[in-house]
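Breakdown of the fold
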Amino acid sequence: MKPSRPLYEREPELAAAAKALDALCGGQAEGGLLVFSGEAGIGKTALLAEIKAMAADRCTIWSARGGETVTSVPFHVVRQLLQPALDRFPADETRALFGDWFEIAAPALGLAEPSGPQPDPQGVRDGLDYVVSRLASRLSHRPLLLIVDDAHWADGESLAWLAGFTARLSELPLLVVQAHRPQELADRNADWAIARTSESAGAAGHPALLRVALRALTPEATAVLVRAGLGDHADDPFCREVWAVTGGNPYEAVELVAKAQDRELAPVEESAGLLRELGASARGSGLVARLERLGTNANRFAWAAAVLGTEISQELAATLAGMSSAEAADCTARLRDARIVSGFDPLEFVHPLIATAVYRSIPPATRTAMHGRAAWAITQAGLGAAAASRHLLEVHPDDDQELVAQLREAARQHLAVGAPEAARRCLERALEEPPRHRDRAALLYELGCATLLSSPATTVQHLRAALDTPGLDETLRIDATFRLAAALSHNNQLKDAALSLAAEASRTAPGPGLMRLQAAHFLWEGMQADEDDGPGRSARLAHNADHLKGRDNAERALLTLRAFDAMLRGENAQLVTGFCERALVDGRPARGLGWTDSEWGFELPAMVGITYAFTDRLDRAEALFGEAVRAFEISGWSGAHLAFSHTLLGLVHRRRGRLAEAEGFLREGLRLADRAGSGLPVHWDATCLLVDTLLARGRTAEARLVADRYGFGPPYPSAMVLPDAPCVRGRLLLAEGRTKEAVAELEAAGAALEPRGRFNGVWAPWAGDLARALAGTDPVRAADLAARARVHAERFGTDTAIGEALRCVALFAPEEEAVQLLAEAVSHLEVSSSAYEHALARFEYGTAIRSQREVARAQKLATACGAEGLATRAQQVRASIRSSE
């Protein structure tokens, strides 16, 4: 296919694009990614235009362009891409396209007013993924081509969406082609996978996964370009000088040829000396001088257009420049003739280099004033504080309280559409104004809340500042302290979280606020992997909670914490579940204590469900965790919250013995967690449970791979892990035959847990596993460990705990007693819903009595559980028994 206009020395790039388009439009509709990078003026935009022309008859094309002055406008590029396509549909059909994602993603695109809780940015990105996927399938007769130019100037929210979306391109009939300047993107430190695509991606064989760096034109190509513009009589020295002046930059070469043509410069060696001066007029100060020669009005109008940035409204530019519509039209015509702008309404600068030069030529004081006027005009037009905020950010601080109020309102609007970084910029700028002294603490509080989902460390900094600033009212102080503790805990600083709560509680008067602080203090103290006085804390918690009826949320929170703590300590399970029942309302979290309620946090309903899971109330746990998944999905909380809810469902399936289902939920939990960051608390929980599940399935090598990938081992986080991490790592070491290391790990686990009074052998099975590890070398100590574990299990009283303890005690009993103990273990585990442990007990019982029938039943149970390793062992034992009979 021939280019629709001359593109010099771009045959490899066009061939790559043609190959990607053929893959996209072929029978298999193979989607992918094509990335072009290069300096300003190197020809990226012209190349994208040619690709668009190549695809015009074959694809549906959406395009967008970043802008230097609009990088702070959230979802600017995404809106350019999607809004034209969505505008074709009536309102009801658009809503149907979004489905359950409408309330979450539509506000980000400006299609609906925000409603409901503040969305998680990851949830907004997932909603956008869903909509684009739906649109791509709706357009199945024509595959979809997305073109993003000047991606280095795309807003951060759009960059973040593209980073995740491009990872899924192979699933869709969709090709993304983007162009950027590499240095500018690196300077922004943009977390965008596209920008870091490996050079080897294309070499891997996929024609649409390719990154290409554009190079300057050679002298030979520059000569062809010059002669195409000035005639074949242009001589070699003249052409060579054009190349030398422009460095082979296509944009500058084209502009220089156009200037020579305007000046009727003869393209011969005698004129070559004039080219350098002529070339300077196409950029920097030369361009500014050329603009000034167009007249004061044209110059002022160009300034207004540069301040507005992209998709420039002629009417708004006229207002900003202080001129009539007729004057604006005349200026537009002159700027078009001078190849400075293109289009009519909206206008665009011919090239970003021109826009940059014009913007930077505006005297600083004038530029600031124009930004202020632009903000006023946008607000007067009814477009809202969020739309005006990019201009407000550029206004110099001047003790303007109206500006502070506008920025705070803009921050609220940004948060409501899932753009916390944009909100943070507005609030930080408002602090510089500065706000009134009495408002400063509240503004710092708002700033801390804005970063809660995206940056716990930043949240800690701002909330501490808010608490240290006089003027924060009592309600906000309590909430700020509560949120500060949550942020500290998510930042692996649990001791600091507990200390901050204790300090605030000491100065808070009795009432609901104090109870909230006390509950949070008990929460983060108890969640520490190591604490100074665990039994003392448990005693204080019991004193505060045991008499409560659950009449309000403060009481229910304390009862939840009491139930969880009692479960870890291995207190009577009926007592424990009684606390859970009083903490709920009709079996469900009370209003204000739900999964997405912000006052108390998701930790409390999670603790109720976890307590049920370890007290053999698995139906109740599964119902709660299923509700968590639904609540987070409905609210668009698709980051760590959704990852944790999948992990919790994985816990339930592991406890039930549905090992394949457990593995599926846990791997999904890790996948979701990986999108949210690295080293998060949910990574530890999901990894720990997945390692435990893979060991139960007999897949030790896979368990080791998971452990190594996620750094599962010491040093452990400051927060406890679900279940106890050292216990599970000890189990992994035993499975690998590293008995000496396993013994050390399990002994350390016991030494940490016993002084805290944590004797739940299902949560932390160190004693039973250590007894098995020591059985051959120190049987007396091993038997004592097993006997003590049995005492604790019978105190706890669940069938799972008792059955597991009996299995361990049987190892050290005489043969006849061991058979009886194993029979009792089978009886307990058969009714406990712990199918995998039931299979283990039945296998050991069948092996002890040499019964093919019992071992066959164990094999059937193991197969149903997904415990392939146990099923294989059972098959081997059956064969051995059969051959000996």
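Residues numbered from 1 in each chain as written. Predicted model: local features only at pLDDT ≥ 70, side-chain atom pairs only at ≥ 80, totals over all residues. Heavy atoms only, no water.

**Looking at the nonpolar core**
Heads up, the rule is: Joining through side-chain atoms within 4.5 Å is the link that ties buried Ala, Val, Leu, Ile, Met, Phe, Trp, Tyr and Cys residues into a set, and such a set is a nonpolar core. The cut-offs for exposure are 20% and 50% of the maximum accessible area for each residue type, with area from a 1.4 Å probe on protein chains only; residues under the lower value are buried, those over the upper are exposed, and the others partly exposed. Numbered from the N terminus, helices here are DSSP runs of H or I no shorter than four residues, and strands are runs of E no shorter than two. In what follows, a contact means two residues having at least one pair of non-hydrogen atoms within 4.5 Å.
Among the nonpolar cores identified, the biggest contains 155 residues, and Trp-595, Ile-610, Trp-763 and Trp-766 are the most heavily contacted of them. The biggest single contributor to this core is helix H28 (residues 553-569), with 10 residues. The contact partners of Trp-766, leaving out residues within four places of it in the chain, are Cys-727, Leu-746, Ala-749, Gly-750, Leu-753, Glu-754 and Leu-785. Of all hydrophobic cores here, the second largest spans 43 residues; its members include Ala-64, Ile-104, Leu-162 and Val-417.

**Brief notes about helix H4 (residues 91-98)**
Cut-off, in case you're wondering: The arc in question is the one spanned by the directions pointing from the helix axis to the C-beta atoms.
Taken together, the buried positions of H4 are occupied by Thr-94, Leu-97 and Phe-98. For H4, the angular spread of buried residues about the axis comes to 95°, placing them on one side. In this fold, the buried residues of H4 make contact with helix H3 (76-86), helix H5 (102-105) and helix H6 (121-138). After H4 finishes, the residue Gly-99 shows a positive phi value of roughly 60°.

**A look at the packing of helix H24 (residues 474-490) against helix H26 (residues 512-526)**
Angle between the axes and distance between the axes are the two parameters that describe a pair of packed helices. To be explicit about the condition: Fitted lines through C-alpha atoms serve as axes, helices being fitted only where they are in contact, and the angles separating the N-to-C directions of these axes extend from 0 to 180 degrees. Comment on the angle field: the value is read as roughly parallel under 35 degrees, roughly antiparallel over 145, roughly perpendicular from 65 to 115, and oblique elsewhere. Residue type decides the class: Asp, Glu, Lys and Arg count as charged, Ala, Val, Leu, Ile, Met, Phe, Trp, Tyr, Cys and Pro as nonpolar, and the leftover types, Gly among them, as polar.
The contact between H24 and H26 brings their axes to 10 Å, and the two run at 10°. The angle between H24 and H26 places the two elements in the roughly parallel class. Residues Ile-478, Asp-479, Thr-481, Phe-482, Ala-485, Ala-486 and Ser-489 of H24 touch H26, and the partners they reach there are Gly-513, Arg-516, Leu-517, Ala-520 and Trp-524. Across the contact of H24 with H26, the residue classes tally to seven nonpolar, three polar and two charged.

**Brief notes about helix H36 (residues 725-735)**
Formally: Throughout this description, a polar contact denotes any pair of N or O atoms lying within 3.5 Å of each other; where both atoms belong to protein, one of them has to be capable of donating a hydrogen while the other can accept it, and for residues adjacent in sequence the pair is counted only when both atoms sit in side chains.
Taking burial as the measure, the 11 residues of H36 include eight buried ones, the bulk of the element. When we look at burial in H36, the residues that qualify are Ala-725, Pro-726, Cys-727, Val-728, Arg-729, Gly-730, Leu-732 and Leu-733. For H36, the elements touching its buried residues are helix H34 (681-696), helix H35 (700-709), helix H37 (739-753) and helix H38 (766-774). The residue sitting at the N-terminus of H36 and contributing the capping side-chain oxygen is Asp-724; that oxygen lies 3.2 Å from the backbone nitrogen of Cys-727. Gly-737 lies just past H36 and shows a positive phi near 80°.

**Thoughts on the environment of Ser-342**
Position of Ser-342 relative to the elements: it lies in strand E6 (residues 341-343). Judged by relative accessible area, Ser-342 falls into the partly exposed class, the value being 32%. Setting aside its immediate chain neighbours within four residues, Ser-342 contacts Arg-336, Leu-347, Glu-348 and Val-350.

**A few points about the pattern of salt bridges**
Using the following cut-off: Definition used for salt bridges: Asp or Glu carboxyl oxygen within 4 Å of a side-chain nitrogen of Lys or Arg.
According to the stated counting rule, one finds 66 salt bridges in the structure shown. Residues Arg-675 and Asp-126 are paired through a salt bridge, measuring 2.7 Å at the closest nitrogen-oxygen approach. Separated by 549 residues along the polypeptide, Arg-675 in helix H33 (residues 659-676) and Asp-126 in helix H6 bring together distant segments of the chain. Among the residues examined, Asp-126 registers a relative accessible area of 13% and is labelled buried. Residues Arg-334 and Asp-330 are paired through a salt bridge, measuring 2.8 Å at the closest nitrogen-oxygen approach.

**Points about the side chain of Arg-367**
The line we're drawing: Only four residue types enter the tally: Lys and Arg on the positive side, Asp and Glu on the negative side; His and the chain ends are excluded.
For Arg-367, the location among the structural elements is in helix H18 (residues 364-380). Within the buried core, Arg-367 has no salt-bridge partner, and the shortest N-O distance to an opposite charge, that of Glu-394, equals 6.3 Å. Looking at Arg-367, its side chain comes within polar contact range of the main-chain oxygen of Tyr-359, at 3.1 Å. Not counting the four nearest positions on each side in its chain, Arg-367 is found in contact with Tyr-359, Arg-360 and Ile-362.

**Observations regarding the confidence of the model for the protein**
Condition: For every residue, the predictor assigns a confidence score, pLDDT, that lies between 0 and 100.
Across the protein, the average pLDDT comes to 91, with 96% of residues at or above 70. Taken together, the stretch residues 190-208 has pLDDT below 50 and engages in 41 contacts with residues farther than four places along the chain or on a different chain.

**Digging into a negative patch on the surface**
The condition that has to hold: Residues forming no salt bridge and having over 30% relative accessible area are the ones grouped into patches, like charges within 9 Å of each other and nonpolar side chains (Val, Leu, Ile, Met, Phe, Trp, Tyr) within 5 Å. Here the accessible surface of atoms and residues is derived via Shrake-Rupley with a 1.4 Å probe, and residues count as covered only by protein chains that are part of the display. Every charge is mapped to an atom, namely NZ of Lys, CZ of Arg, CG of Asp or CD of Glu.
Taken together, the side chains of Asp-398, Asp-399, Asp-400 and Glu-402 make up a negatively charged region of the molecular surface. Relative to the assigned elements, Asp-399 resides in the loop between helix H19 (385-392) and helix H20 (401-416).

**What about the packing of helix H14 (residues 296-308) against H18?**
Formally: By definition, any crossing whose near helix is turned counterclockwise from its far helix by less than a right angle is left-handed, and any crossing with a clockwise turn is right-handed.
Contact geometry of H14 with H18 gives a least axis separation of 10 Å together with a crossing angle of 65°. Once H14 is placed against H18, the crossing between them reads as right-handed. Of the residues in H18, those touching H14 at Arg-300, Trp-303, Ala-304, Val-307 and Leu-308 are Thr-366, Met-370, His-371 and Ala-374. Class assignment for the residues of the contact of H14 with H18 results in six nonpolar, two polar and one charged.

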